[in-house]
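Here is how the chains run, residue by residue.
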Amino acid sequence: TDFAMKVRGSKFYVSNDRGHHWAGPYVLPDFGQHVLTARTNYQVVDSDTCRLFLSAAGVPLSEGEHGRTMMIETNDGGKTFELVSWLTEDPRTFEGAEPGMPLFSLMPGVTTLDDGTILAAMRNRVGKHKWCDVVASTDQGRTWQTRSRAFDHNNNPASLVDLGDGRVVVVYGYRGQPYGIRGKVSTDAGQTWSEEYILRDDAREWDLGY
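The rules behind the values
- Residues numbered from 1 in each chain as written.
- Predicted model: local features only at pLDDT ≥ 70, side-chain atom pairs only at ≥ 80, totals over all residues.
- Heavy atoms only, no water.
- Phe/Tyr/Trp six-rings, centres within 6.5 Å; stacked < 30°, edge-to-face > 60°.
- Helix = DSSP H or I, 4+ residues; strand = E, 2+ residues; numbered from the N terminus.
- Buried < 20%, exposed > 50% of the residue type's maximum accessible area, 1.4 Å probe, protein only.
- Lys NZ or Arg CZ within 6 Å of the ring centre and 35° of its normal.
- Core = buried A, V, L, I, M, F, W, Y, C linked by side-chain atoms within 4.5 Å.
- Contact = heavy atoms within 4.5 Å.
- Salt bridge = Lys/Arg side-chain N within 4 Å of Asp/Glu carboxyl O.
- Pairing = 2+ DSSP bridges.
- Axes fitted to C-alpha atoms, helices over the stretch in contact; angles between N-to-C directions.

A. Examining the packing of aromatic side chains more closely. For the structure shown, the criterion picks out 6 aromatic pairs. An angle of 80° between the planes, with centres 6.4 Å apart, marks the rings of Phe53 and Trp144 as edge-to-face. Taken together, the positions of Phe53 in strand β6 (residues 50-57) and Trp144 in the loop between β11 (129-137) and β12 (145-152) put the pair 91 residues apart, joining distant regions of the chain. Judged by its relative accessible area of 2%, Phe53 is buried. Take Trp144: its relative accessible area is 12%, and that puts it in the buried class. Chaining the aromatic ring pairs together yields one cluster made of Phe12, Tyr26 and Phe81. Positioned over the ring face of Tyr174 is Arg182, at 3.6 Å from the centre of the ring.

B. Quick look at the nonpolar core. Core analysis: the largest hydrophobic core is formed by 15 residues, its most contacted members being Val7, Leu28, Leu52, Leu54 and Ile72. Of all the secondary structure elements, the ones that give two or more residues to this core are β1 (4-8), β2 (11-15), β6 and β7 (66-74). Top contributing element to this core by residue count: β6, with 4 residues. If we skip the residues at most four places from it in the chain, Leu52 touches Met5, Val7, Leu28, Asn41, Tyr42, Met70, Met71, Ile72 and Phe81. Of all hydrophobic cores here, the second largest spans 14 residues; its members include Phe151, Ala158, Leu160 and Val168.

C. Representation of the pattern of salt bridges in the model. Overall, the coordinates contain 10 salt bridges when judged by the stated rule. Residue Arg142 pairs with Glu73 through a salt bridge whose shortest N-O separation is 3.0 Å. Pair noted here: Arg142 is in the loop between β11 and β12 and Glu73 is in strand β7, with a separation of 69 residues, a long-range link. Judged by relative accessible area, which is 36%, Arg142 ranks as partly exposed. The salt bridge partner of Asp165 is Arg167, with a shortest N-O separation of 2.8 Å. Through salt bridges with shared partners, a single ionic network connects Arg51, Glu73 and Arg142.

D. The sheet that holds strand β15 (residues 180-186), seen in detail. An order of β13-β14-β15-β16 is seen for the 4 strands of this open sheet, with the pairing classed as antiparallel. Two strands bound the open sheet, and with one partner strand each, they are β13 (158-162) and β16 (197-200). Taking the axes of each pair of neighbouring strands and ignoring which way they run, one obtains an average angle of 25° across the sheet. The pairing of β15 with β16 spans 3 bridges and is antiparallel.

E. Representation of unusual backbone geometry in the model. That bond from Gly24 to Pro25 is cis: its omega, 10°, falls within 30 degrees of zero. Here Pro25 is to be found in strand β3 (residues 23-27). The linkage connecting Gln177 with the following residue, Pro178, adopts the cis geometry, with an omega of -5°. Structurally, Pro178 can be placed in the loop between β14 (168-174) and β15. Residues other than glycine seldom take positive phi values, yet Met107 does so here, at roughly 50°. Along the chain, Met107 turns up in strand β9 (residues 103-112). The phi dihedral of Ala189 falls on the positive side, at around 60°, and the residue is not glycine.

The structure is reproduced here in structure tokens:
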């Protein structure tokens with residue numbers, strides 16, 4: 001319970017005293033990608049096993065903005081990592097994708113339900129079209145299927161929270177006017193979503209951070 005990890009780009013740091021002291025940086029493999037653009041996003045399974053959700057660019061920036069999310073796993077306490085799966089198809093194959101335009105599916109908000117299903121809310125973009133799909137894995141992250149579209153025409157990363165009573169909440173920044181924080185509720189493990197709830201609508205500008 002005292003463990004913490006920070007991941008940034010291709011490096012990670014670990015703490016065993018709730019962030020008071022840190023060890024690292026340690027370098028992650030590139031898994032054959034042009035560059036890792038990872039942010040902190042992990043799930044501890046046991047003392048030796050940890051899942052990390054990393055984004056990576058498969059092409060140089062000169063060929064267009066690109067990003068895709070993979071799940072990697074360590075089973076030896078962080079000494080080695082293996083690529084387990086990609087959470088979506090390559091965004092370059094998404095409908096409407098063209099060379100040179102922004103194409104990405106990254107920054108997932110991840111939660112695990114009581115039955116072991118892993119849900120991830122994906123920040124997607126093809127050109128000017130921006131949306132959030134929820135993908136699901138029922139085999140510990142080995143394979144993924146798109147379960148629903150949580151919201152459309154918005155490009156802020158979403159957070160998923162399992163309330164533990166059969167409800168899952170998705171919360172996200174709303175970058176249209178009025179700027180703020182909004183959310184939806186699912187009672188069927190992310191297959192459908194309620195109407196949108198406005199939690200705050202008093203942000204000063206569109207960039208609400210992450």
